[in-house]
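Observations on the three-dimensional arrangement
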Amino acid sequence: MYIFLIIWFLFLFAYIIFNVYGLYRVMAMRIKGDVIPLAVLIYSVAIIVIIIVSLGFFMTFEWSKSLTDLF
Amino acid sequence: MAEYNFPIPGSLEEEKIVLFIRRHWASFLGQFLLSTAMLILPAIILIIALVTQPQVFKGMLLNFLVMGLSIYYLIALTVAFVAWISFYYDVYIIYADSVVDIVQQGFFGRKISQLSILRVQDVSSDIKGFLPTFFGFGDVLVETAGEQSQNFLLVAVPQPQKVASKIMELHDQLVAKEDREPGIIEGEGVLESQTEDKDIKEEQPETAPPTTYQDLMEKEQKNQQNQPSPQQQTSTVEKEGEISHDELDKGGEIKLNDK
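Conventions adopted
Residue positions are given per chain, counted from 1 along the sequence in the order it is written. Each chain gets a letter, beginning with A, and each ligand a number, beginning with 1, in the order they are written. Confidence filtering applies because this is a predicted model: local features only for residues at pLDDT of at least 70, side-chain atom pairs given and counted only at 80 or more, and all residues used for totals across whole chains, interfaces and linings. In short, DSSP must find at least two bridges between two strands for them to pair. Runs of E in the DSSP output that reach at least two residues are strands. Runs of H or I that reach at least four are helices, and both are numbered from the N terminus. What counts as an axis is a line fitted to C-alpha atoms, over the stretch in contact for a helix, and the angles between N-to-C directions run from 0 to 180 degrees. Two residues qualify as a contact pair if the distance between their C-beta atoms, derived from the backbone, is within 7 Å. Note on definitions: a nonpolar core is a set of buried residues drawn from Ala, Val, Leu, Ile, Met, Phe, Trp, Tyr and Cys, linked by C-beta atoms within 7 Å. Exposure classes come from backbone-placed C-beta atoms, where a residue is buried if 20 or more other C-beta atoms lie within 10 Å of its own, exposed if 12 or fewer do, and partly exposed in between. Basically, the charged four are Asp, Glu, Lys and Arg, the nonpolar ten are Ala, Val, Leu, Ile, Met, Phe, Trp, Tyr, Cys and Pro, and anything else, Gly included, counts as polar.

1. A closer look at the sheet that holds strand β7 (residues 152-158) of chain B
Residue and element names in this part refer to chain B. Across the sheet, three strands lie side by side as β5-β6-β7; this open sheet has antiparallel pairing. Edge positions in the sheet fall to β5 (120-126) and β7, since each has one partner strand and no second. Ignoring strand direction, the axes of neighbouring strands in this sheet form an average angle of 20 degrees. Pairing of strand β6 (residues 137-144) with β7, which is carried by five bridges, proceeds in the antiparallel orientation. Pairing of L141 across the sheet is with L153, part of β7. Sheet strands in contact with helix α4 (residues 160-178) are β5, β6 and β7, and its direction is about 170 degrees off that of β5.

Set out below in structure tokens:
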């Protein structure tokens, strides 16, 4: 089952890279007086909350079982 | 503090901005409701399933469920944020002499177009549907003349009639300021300068041939005085408007007197 955990972490890695570059681009093309900093802050906090809650659940789960045990 | 961080042809000076327009918030209502539903519906379904069928949330299925939900929420959040960015960064800036249209497409797509107000031929506003009528927003179509016509569609602009009339007002002001004819010359649709016409018209009397009856009569008399006697005339004598035999041989060209 660790393979799924590895896949999730790989997805997370790609997702974070995409978002960091995307937010960098967004911040680079800001317009004077816009609300982008606040929006980026809310967006980042939401992402962090989802990741932390997911990791919290994952840590309580049993991942050592093999796939054959499922069926 | 961030400034206007986007590359626009020419300089972008804040004091020259006449109108700075964003899309009306109501035009984002549909995407907002969809994004909210994408974020809330799975949670509601999970709560209902937890109450009605708690056996599903046991064992390895719970691992997959949490993992799937985690990925789903991260993607849904990004989709919602990208939709908002695309809405928020759709900006229309109207200067005294040009219209700038900035269209944002996600994180990595941005189209910036600039149109000279002098080239504007027609501006129309369009309010269609219940929400646009209720909230007072609509589209403004800015059309230009000429073969390479470049039309601007300002989407979901608040008070489109006012924006359209403002653009036409700026166009009229610019035409008056530049002292230009309202007529459109062929080709590019660029307005012809009146000052250039004046220069040409002033030069014309000096070079143009006499056109009045008196002028023509005076010229005729001068020609008659300068003409040789009939004996001296040969077949090659050229009168104004007559064709000589030589010239007929050459192809019948008519020579006009230079004097």
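2. Considerations on the nonpolar core
Among the nonpolar cores identified, the biggest contains 18 residues, and V99, V140, V157 and I167 of chain B are the most heavily contacted of them. The set of elements that each furnish at least two residues to this core consists of β2 (91-95), β3 (98-105), β5, β6, β7 and α4 of chain B. Tallying contributions element by element places α4 of chain B first for this core, with four residues. Beyond its immediate stretch of four places on either side in the chain, V157 of chain B contacts I21, H24, Y92, F137, G138, D139, V140 and V163 of chain B. Core analysis: the second largest hydrophobic core is formed by seven residues, V26 of chain A together with F81, I85 and F107 of chain B among them.

3. A look at the interface of chain A and chain B
Taken together, the 24 residues of chain A in the interface contact 24 residues of chain B. Elements with a minimum of two residues in the side of chain A that touches chain B: α1 (2-28) and α2 (36-60) of chain A. Considering every element that reaches the side of chain A that touches chain B, the biggest residue donor is α1 of chain A, with nine residues. Across the side of chain A that touches chain B, the residue classes break down as 17 nonpolar, three polar and four charged.

4. Details of the pairing of β6 of chain B
The sheet contact formed by β5 of chain B and β6 of chain B spans six bridges and is antiparallel. If you follow S124 of chain B over to β6 of chain B, its bridge partner there is L141 of chain B.

5. Describing unusual backbone geometry
Note: most residues except glycine have negative phi, and most peptide bonds are trans. Residues and elements named next belong to chain B. Even without a glycine there, the phi angle at A156 is positive, about 50 degrees. On the secondary structure map, A156 appears in strand β7. Despite not being glycine, Q159 shows a phi value in the positive range, around 50 degrees. Looking at where Q159 falls in the secondary structure, it is placed in the loop between β7 and α4.

6. Brief notes about the sheet that holds β3 of chain B
Residues and elements named next belong to chain B. Taken in spatial order, the four strands line up as β1-β2-β3-β4 in an open sheet, and their pairing is antiparallel. The open sheet terminates on both sides in strands that have one partner only, identified here as β1 (17-22) and β4 (109-116). Adjacent strand axes in the sheet meet at a mean angle of 10 degrees when their direction is disregarded. Across the face of the sheet, α4 comes into contact with β1, β2 and β3 while running at roughly 155 degrees to β1.

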